[in-house]
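# Fold and geometry: a report
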Amino acid sequence: MPTNTAAPNILISAAGEDADWKKALVERLPDANIVTGDDNYDSATIDFALFWKQPQGLIKNLTNLKAIFSLGAGVDHVVSSPSLPKNIPVIRLEDAGMADQMVQYHLYAALHFMRDFDVYSAQQAKANWTQHDVARISKCRVGVMGLGALGAAVATALSNLGFGVSGWSRSMKAIEGITTFAGEDAFDEFLGEADILICLLPRTPETEGLLNSETLSHLPKGAAIINAARGAMINEADLLRAIDTGHLRGAFLDVAVTEPLPESHPFWDHPKIRITPHIAAATRVEESADQIAQNIDRMARGETPTGLVDRQSGY
Ligand code: NDP
């Protein structure tokens, strides 16, 4: 990329949190011209756009863009835009304070099943004081789909706690203590060994609907699902069917196909489903602003930014 010493023009569209992002970016890039949707600005002069759930149609007026930064680890909200030019680099956040939160969420959710808290919740509703044997943690096999910035941290933390952990990704990974699988050919074998299946994949055309009647049937009977990635990865009707027929034990879900989850959605009062409202890992403004400012500086020096999305694979 060419070296560019002119002060960059930066547009922030951050779903109601523009002011926090602007303050953090102004502190780190004092020479930049930083605007939000509330400011008067000339769309044709914007060099960098920082987006989280940006309004539809905003991208097509930004005719001079050098890069788009996602204000999250996922970039599905950006790359799904029909007006996104093919040659614009899209840059995502890498960890930026989210891995710790994902680890906390998944330790809780995995222990929920491993220590039978789902069973005890159901018993409490019936004033039932029955004790069950505590399973050995090493015998509880967790399969983590996605071994990126977040999935690898979650897999390692669960392994450190004593779970038997395997992981699945597109390309083969070597992570201490984790049995790894890669690619479509290994998917069924990976699923067959997961008593608790965790989804930390990005949403792409390849991962949408990946968990459906057919793939869920490869999980061992009584397996549980934890999904804090994107709702679209799971066919919700198929998930309900797999739980209601007793093939699956239950699900712990942070995401849904439609968010906020509609009031009438069967997930809300299903006794075997726990729901949280997309809170597994919040974007941390300070850490993220550091990463974005460093990347803008890198690009100004003609260097390649980190966290560059492969537009072909969509993540
Ligand atoms: P990364 O891009 O770092 O990692 C993605 C992982 O998924 C990689 O290991 C990649 O494989 C693997 N993968 C991608 N496509 C496939 C495929 N078709 N088959 C097998 N493996 C595949 O992402 P992050 O870890 O940073 O984030 C994961 C997702 O978590 C985000 O995209 C976002 O949707 C979600 N998220 C949810 C949040 C919440 O609060 N609920 C907060 C933050 C993120 P490989 O390593 O071979 O490339």
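Every value quoted in this text rests on a predicted model; they were computed, and no experiment measured them. (Residues numbered from 1 in each chain as written. Predicted model: local features only at pLDDT ≥ 70, side-chain atom pairs only at ≥ 80, totals over all residues. Heavy atoms only, no water.)

With that out of the way, let us pick up the domain arrangement of the protein chain. You can read the domains of the protein chain as domain 1 (9-96 + 283-300) and domain 2 (98-275). Centre-to-centre, using C-alpha coordinates, domain 1 lies 32 Å away from domain 2. Every contact between the two is made by 11 residues of domain 1 and, on the other side, seven residues of domain 2. Of the roughly 760 Å² buried between domain 1 and domain 2 on both sides combined, carbon and sulfur atoms contribute 50%. In this structure, the connection of domain 1 to domain 2 is made through one salt bridge. The salt bridge involving Arg230 is made with Asp76; its shortest N-O contact spans 2.9 Å. Our enumeration of links across domain 1 and domain 2 arrives at four residue pairs in polar contact (both at pLDDT 80 or more). Of the residues contributing to the side of domain 1 that touches domain 2, the split by class is four nonpolar, three polar and four charged. (Domains from an automatic or database assignment. Contact = heavy atoms within 4.5 Å. Buried area = accessible area lost by both parts, 1.4 Å probe. Salt bridge = Lys/Arg side-chain N within 4 Å of Asp/Glu carboxyl O. Polar contact = N/O pair within 3.5 Å; in protein donor to acceptor, adjacent residues only side chain to side chain. Nonpolar A, V, L, I, M, F, W, Y, C, P; charged D, E, K, R; others polar.)

With that settled, the discussion passes to the UniProt feature "domain: D-isomer specific 2-hydroxyacid dehydrogenase NAD-binding" (unreviewed entry) in the protein chain. This chain's UniProt record puts "domain: D-isomer specific 2-hydroxyacid dehydrogenase NAD-binding" (unreviewed entry) on residues 109-280. Summarising residues 109-280: 26% helix, 19% strand, and an end-to-end C-alpha distance of 11 Å. (UniProt positions renumbered as here; feature names shortened; annotations may be inferred. Helix = DSSP H or I, 4+ residues; strand = E, 2+ residues; numbered from the N terminus.)

Attention now moves to the site of the ligand. Taken together, 29 residues lie around the ligand, and Arg92, Ser171, Lys173, Ala228 and Tyr315 are the ones closest in. Between the ligand and Arg230 there is a distance of 3.2 Å, counted from an oxygen atom to a side-chain nitrogen or oxygen. Elements supplying a minimum of two residues to the shell around the ligand: helix 3 (98-114) and strand 7 (164-169). Of the residues contributing to the shell around the ligand, the split by class is 15 nonpolar, eight polar and six charged. The residue makeup of the shell around the ligand includes at least three contributed by each of domain 1 (9-96 + 283-300) and domain 2 (98-275). (Near = heavy atom within 4 Å.)

In the structure shown here, the tally under the stated rule is 13 salt bridges. Via salt bridges that share partners, Lys23, Glu27, Arg28, Glu286 and Asp290 belong to a single interconnected network.

On strand 3 (residues 48-51), burial covers both faces: Phe48 and Leu50 on one face and Ala49 and Phe51 on the other are all buried. Strand direction decides the pairing type here: strand 1 (residues 9-13) and strand 3, joined by four bridges, are parallel. Of the residues in strand 3, the one forming a bridge with Ile12 is Leu50. Examined bridge by bridge, strand 3 and strand 4 (residues 67-70) share four bridges and lie parallel to one another. What sits directly across from Phe51, in strand 4, is Ser70. (Buried < 20%, exposed > 50% of the residue type's maximum accessible area, 1.4 Å probe, protein only. Pairing = 2+ DSSP bridges.)

Here we take up the layout of surface pockets. Over the atoms, a rolled probe matching the size of one water molecule traces out where space is still vacant. Each pocket or cavity is described by its volume, and for the second largest pocket that value is around 660 Å³. Lining the second largest pocket we find 28 residues, and of these Lys53, Asp76, His77, Ser80 and Arg203 sit closest to its centre. Considering only residue class, the lining of the second largest pocket consists of 10 nonpolar, 11 polar and seven charged. In this structure, the lining of the second largest pocket is formed jointly by two domains, domain 1 (9-96 + 283-300) and domain 2 (98-275), each of which donates at least three residues. (1 Å grid on protein atoms, 1.4 Å probe; cavity = no way out; pocket = protein on both sides within 12 Å on 5 of 7 lines; lining within 4 Å. Points joined across faces, edges and corners; volume = space filled by probe spheres on them.)

To continue, consider the state of the cysteines. In this structure the tally under the stated criterion is zero disulfides. Between Cys140, a cysteine without a disulfide, and Cys199, which holds the nearest cysteine sulfur, the sulfur-to-sulfur distance is 18 Å. With a relative accessible area of 11%, Cys140 lands in the buried category. (Disulfide = S-S within 2.5 Å.)

Counted by the stated rule, this structure contains eight aromatic pairs. Geometrically, the ring pair formed by Tyr108 and Phe252 is edge-to-face, given 6.1 Å between the ring centres and 70° between the ring planes. A residue pair is termed long-range when its members are at least 10 positions apart, and Tyr108 in helix 3 and Phe252 in strand 11 (residues 248-253) qualify at 144 residues. Taking relative accessible area as the criterion, Tyr108 reaches 52% and is therefore assigned exposed. (Phe/Tyr/Trp six-rings, centres within 6.5 Å; stacked < 30°, edge-to-face > 60°.)

Below, the discussion takes up the sheet that holds strand 5 (residues 90-91). Strand order in the open sheet made by the five strands is 2-1-3-4-5, with parallel pairing throughout. Where the open sheet ends on each side, the last strands, each with one partner, are strand 2 (33-36) and strand 5. Sheet strands touched by helix 1 (residues 18-28): strand 1, strand 2 and strand 3. Its angle to strand 2, the strand with the most contacts, is close to 175°. Relative to strand 4, helix 9 (residues 285-300) is tilted by about 165°, and along the sheet it contacts strand 1, strand 3, strand 4 and strand 5. (Axes fitted to C-alpha atoms, helices over the stretch in contact; angles between N-to-C directions.)

Tracing the backbone through its elements, the reader meets Ser159 in helix 5 (residues 151-161). Setting aside residues up to four positions removed in sequence, Ser159 forms contacts with Val165, Gly177 and Ile178.

Here the focus is the nonpolar core. Within the largest apolar cluster, 54 residues are counted, with the highest numbers of intra-cluster contacts made by Ile10, Phe69, Phe163, Ile196, Ile198, Ile226 and Ile292. Ranked by residue count, the leading element in this core is helix 3, at nine residues. Here this core spans two domains, and each of domain 1 (9-96 + 283-300) and domain 2 (98-275) adds at least three residues to it. Membership of the second largest hydrophobic core comes to 31 residues, among which are Leu191, Ala194, Leu197 and Leu253. (Core = buried A, V, L, I, M, F, W, Y, C linked by side-chain atoms within 4.5 Å.)

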